[in-house]
Amino acid sequence: MQNKRCREFYAVPATDAVSAIRSSARSFEEGLPPAQRKRLGQFFTGLPLGTLLAHIALDPDARAVIDPMAGHGDLLDAAALTARARGARLGRLDGIELDPETSAFCGRRTAALQADGAVAAARIVTGSAFDPAIVAELDAPGYDLVITNPPYVRYQSQNGNGAGVGDVRRGLSAIVDARVTDGERALWQALVEGYSGLADLSVPAWLLSALLTRPGGRLALVVPATWRSRDYADVVRYVLLRAFRLEFIVADTQPGWFSDALVRTHLVIARRLSWDEAQAPVSDRSSLPAAHWLQVTPAAAGGGSLVGSAFPGPEPERDFATWASAANREVPSIGSRPFALDEEWRTLEQRLGRKSWFQNAENRRDALPLFSVAEARPATMPEGLREMLPPGATPVRLQTLERAGIRVSQGLRSGCNRFFYVTLAGEDENETVTVEASESFQNMRFRVPAAALRPVLHRQADIEAFASGYLPVTRVLDLSDWVLPEDQPAVTEAAEAYRRRGMSVPRVMPPELASFVRLAARYAPDPKEPARCIPDLSAVRTNVRRPANGRDVPRFWYMLPAFTARHLPVIFTPRINHGTPAVALNTQPPILIDANFSTLWAEERRWTVHALYALFHSSWCRAAMESAGTPLGGGALKLEATHIRQVPIPPLSDRDCERLATLGQQLAAAVPSARHQIDMFILAAALPGSDENDLKEAARHIDSRLEAACAARQRTVHDS
């Protein structure tokens, strides 16, 4: 991540050589090819933020420091700078960098620090940090400080470099074998084998950084705030609880330290436990010590430091680090609160109870996934939701949405909207419709059988008209019942398989539609990969099925998979919310909802459409969604399915659901009192024993906190 906002903030006395290379670091970064920067995640931290992190994380007796994703050396420089400010000298300063040109710059930078006397020895190795030979080349049993800004890029963008999903996992597994033994090895191998193949490179980078940290040493990371909300990152949350003592989370606020970042930033600092301390499963530990959560606003910055106004002395970062350890007094522009790791564990345990890697790590091999301990427990009260409630409000035994029979997912991902999505351009005529293709196909128009089109809500801009009864003009090409003439022989050959399955044999496409499909089959969406056409795209080629046993029916690249409840939900909400989160009703029967939206439906009949609509319009659920979502750089709230699944609700009877359905119908009909009645009903179920006045006060309190939370994430530089 690149720290544009703080460029002007730091001037450090140093030799001419060190000052010169620091000055040239910014121009070096800006001179990197944009495509390469995006592919490799080359958005560097900057000295101001690196120095703040180093002052919190660097122990007085630390001598060995590494950044395994070193970039051009900001964090290594910051660590050396911090040690020198304390009158100390690092014994070794190591780094690994994949890009040769960037590695060479980092090498010159650390060599200048060594020549300046800031470090005794410095070494930068060029190559993949997941290559066990590269790690072995450094010949270090462990580091006092591992400080890094992991790359938040997808494997698919790497184009080799040994950074494919399998390459990274195999390399990381070999590094585990080389660095840990016995029971500890089994734990780390379970984590390496268990993290999701959908994860970006940051997840294995976290695991590698954790492995390189010696017992008693510190891990210090610059990460996006989404690290606690992504499903595939749960493994790193577990590592921090099992193998580390999480000490600090330092969070920025809008507009943030990285003005061009899509999400807010966290600094995470944790101390690695010895194996004697870490070998006990987290569930066997009596309690976990709380960490410090610090919130730094832009007003804290000044005088060449991100905390210079809050700590106006000559060494603001050192003063900040000293204060952070105790946080025993209020500091202007910086908030401090305890971060309860016991609650963090309960939340994580609830999410991970059915994961096999988690059961292995926690020694729960005898537990059946469908009947795990976590399922029998009440839902965890999220910390953010608790803060939205009035002081002293104590909800009763809550339950998860899953336990209530409510499901949450994401809408339709076609794999290539530019082909599968078209726009209506004419009226029905003899059961055919004129449609317009995307710009990729020069907005060409052609006629399509009306039966091959399904309406889809694709854009937020269409929600208002949709709520007023107007269908969007976007249509999905649903070609599951149509084949190209050249594919007809395969269909004819499988006629018996269609009959056994009770399916009708697909019809042959009319000429205009067939011509468009053939054109799309030859179209390469990415000009840099002219040989990779639409049928070759990773999310499209999985549509193909070639019968091998005479019992299956064939499927072709232009046939989307069968639509399910997540594509045709009863209610939905935008994944990007500019105001407070709100759900919308689908039509009956439902139309397709695009992946720009999170989708909800129920598997139990008691949850009617309007009962769900009322539930998620309650201030309780809206507050839970607001607190669970991720604030983005522009002030919007990202609300993914994984966030919504964290919403706990009070147990509701069949009669309660009937009452909610009635209130939901009133809400849909714009009855003025419906919203208030819904709030009172859900709060009465969540806070039993409260009288009417208490419930009214709770509703007012939640609404005011919702407004404040929305305003806080939309705050601009001038507001702060």
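What you see as residue numbers is a count from 1 along each chain, following the sequence as written. Since the coordinates come from a predicted model, pLDDT governs what is reported: local features require at least 70, and pairs of side-chain atoms require 80 or more to be given and counted, while whole-chain, interface and lining totals use all residues. Only hydrogens and water are set aside when side-chain values are computed; all heavy atoms of the structure are taken into account.

J.: Could you give an account of the overall build of the protein, with specific residues and numbers?
T.: Under the DSSP-based scheme used, a helix requires at least four consecutive residues in state H or I and a strand at least two consecutive residues in state E, with every element numbered from the N terminus. The helix and strand inventory of the protein stands at 27 helices and 24 strands. Taking 27 Å as the expected radius of gyration for a compact globule of 720 residues, we find that the protein reaches 28 Å, a close match to that expectation. Structurally, the protein occupies a C-alpha span of about 85 × 70 × 55 Å along its principal axes. The rule is simple: take the accessible area with a 1.4 Å probe, protein chains only, and divide by the maximum for that residue type; under 20% is buried, over 50% is exposed, in between is partly exposed. In the protein, buried positions account for 53% of the 720 residues. Counting contacts in the protein only where the partners sit at least 6 residues apart, residues at least 24 apart contribute 73% of the total. Accessible surface computed for the protein: about 30700 Å², of which carbon and sulfur atoms make up 51%. Charge counting follows a simple rule: Lys and Arg are positive, Asp and Glu are negative, and His as well as the terminal groups are ignored. Charge positions come from single atoms, namely NZ of Lys, CZ of Arg, CG of Asp or CD of Glu. Measuring between centres, the 81 positive side-chain charges of the protein sit 2 Å from its 81 negative side-chain charges. Every radius of gyration here is taken over C-alpha atoms, with the globule rule written as 2.2 Å times N^0.38, N being the number of residues. Any pair of residues with heavy atoms lying within 4.5 Å of one another is described as a contacting pair. Values of accessible area rely on a 1.4 Å probe in the Shrake-Rupley scheme; residue burial ignores everything except the protein chains shown.

J.: Requested: an account of unusual backbone geometry, with residues and values cited.
T.: Of note, the bond from Q588 into P589 is cis; its omega dihedral lies within 30 degrees of zero at 0 degrees. Residue D139 is not a glycine yet carries a positive backbone phi of 55 degrees. According to the relative accessible area criterion, D139 is exposed, its value standing at 64%.

J.: Residues and numbers for the packing of aromatic side chains, please.
T.: Paired rings are identified among Phe, Tyr and Trp, the last through its six-membered ring, by centres lying within 6.5 Å, and are further divided according to the angle between planes into stacked (under 30 degrees), edge-to-face (over 60) and tilted (the rest). The full count for this structure, using the stated rule, is 20 aromatic pairs. On the basis of an interplanar angle of 50 degrees and a centroid distance of 5.0 Å, the ring pair of F441 and Y523 is categorised as tilted. Taken together, the residues F441 in the loop between β12 (432–436) and β13 (445–449) and Y523 in the loop between α21 (511–521) and β18 (571–574) connect sequence positions 82 residues apart. Here the aromatic rings of F572 and F597 are separated by 5.4 Å at their centres, their planes lie at 80 degrees, and the arrangement is edge-to-face. You can see F572 sitting in strand β18 and its partner F597 sitting in strand β22 (residues 597–602), a full 25 residues away along the chain. A cation sits over an aromatic face here: R337 above W293, 4.6 Å from the ring centre. Only when the NZ atom of a Lys or the CZ atom of an Arg is both within 6 Å of the ring centre and within 35 degrees of the ring normal do we say a charge sits over the ring.

J.: So what's going on with the packing of helix α8 (residues 182–194) against helix α9 (residues 202–212)? Residues and values would help.
T.: With axes taken as lines fitted to C-alpha atoms, and helix axes fitted only over the stretch in contact, angles between N-to-C directions fall between 0 and 180 degrees. Their axes nearest at 11 Å, the elements α8 and α9 cross at an angle of 165 degrees. One finds that α8 runs roughly antiparallel with respect to α9. Here α8 and α9 pass one another in a crossing that is left-handed. Contacts between α8 and α9 involve W188, L191 and V192 from the first element and L207, A210 and L211 from the second. Oblique is the label for any angle not under 35 degrees, not over 145, and not in the 65 to 115 range, which are roughly parallel, roughly antiparallel and roughly perpendicular in turn. The sense of a crossing depends on the near helix, which, turned anticlockwise from the far helix by less than a right angle, makes the crossing left-handed and, turned clockwise, makes it right-handed.

J.: Describe in detail the nonpolar core, supporting the description with residues and values.
T.: Counting 63 residues, the largest nonpolar core has W188, Y238, L240 and L246 as the members making the most contacts within it. The contact partners of Y238, leaving out residues within four places of it in the chain, are L187, L191, V282, W345, L348, W357, F358, A361 and E362. Listed in part, the 51 residues of the second largest apolar core include A379, A404, L600 and L612. The definition of a nonpolar core used throughout is a set of buried Ala, Val, Leu, Ile, Met, Phe, Trp, Tyr and Cys residues joined through side-chain atoms within 4.5 Å.

J.: So, the sheet that holds strand β14 (residues 453–457): which residues are in play, and what are the values?
T.: Spatially, β13-β12-β11-β15-β14-β21 is the arrangement adopted by the six strands of the open sheet, whose pairing is mixed. With partners counted over all chains shown, the strands left at the sheet margins are β13 and β21 (592–593), one partner each. Strands are treated as partners if at least two bridges between them are detected by DSSP. The sheet contact formed by strand β11 (residues 421–424) and β12 spans two bridges and is antiparallel. Counted as the bridge partner of L424 is V435 from β12. The strands touched by α21 within the sheet are β13 and β15 (474–477), with β13 carrying the most contacts at an inclination of about 115 degrees.

J.: Quick one: what's the story with the sheet that holds strand β23 (residues 630–631), residue by residue and with numbers?
T.: The three strands lie next to each other as β19-β24-β23, forming an open sheet whose pairing is antiparallel. Every interior strand has two partners, whereas the edge strands, β19 (576–577) and β23, have only one. Direction of pairing for β19 relative to strand β24 (residues 637–638): antiparallel, over a ladder of two bridges. Looking at β24, one finds that I576 is bridged to K638.

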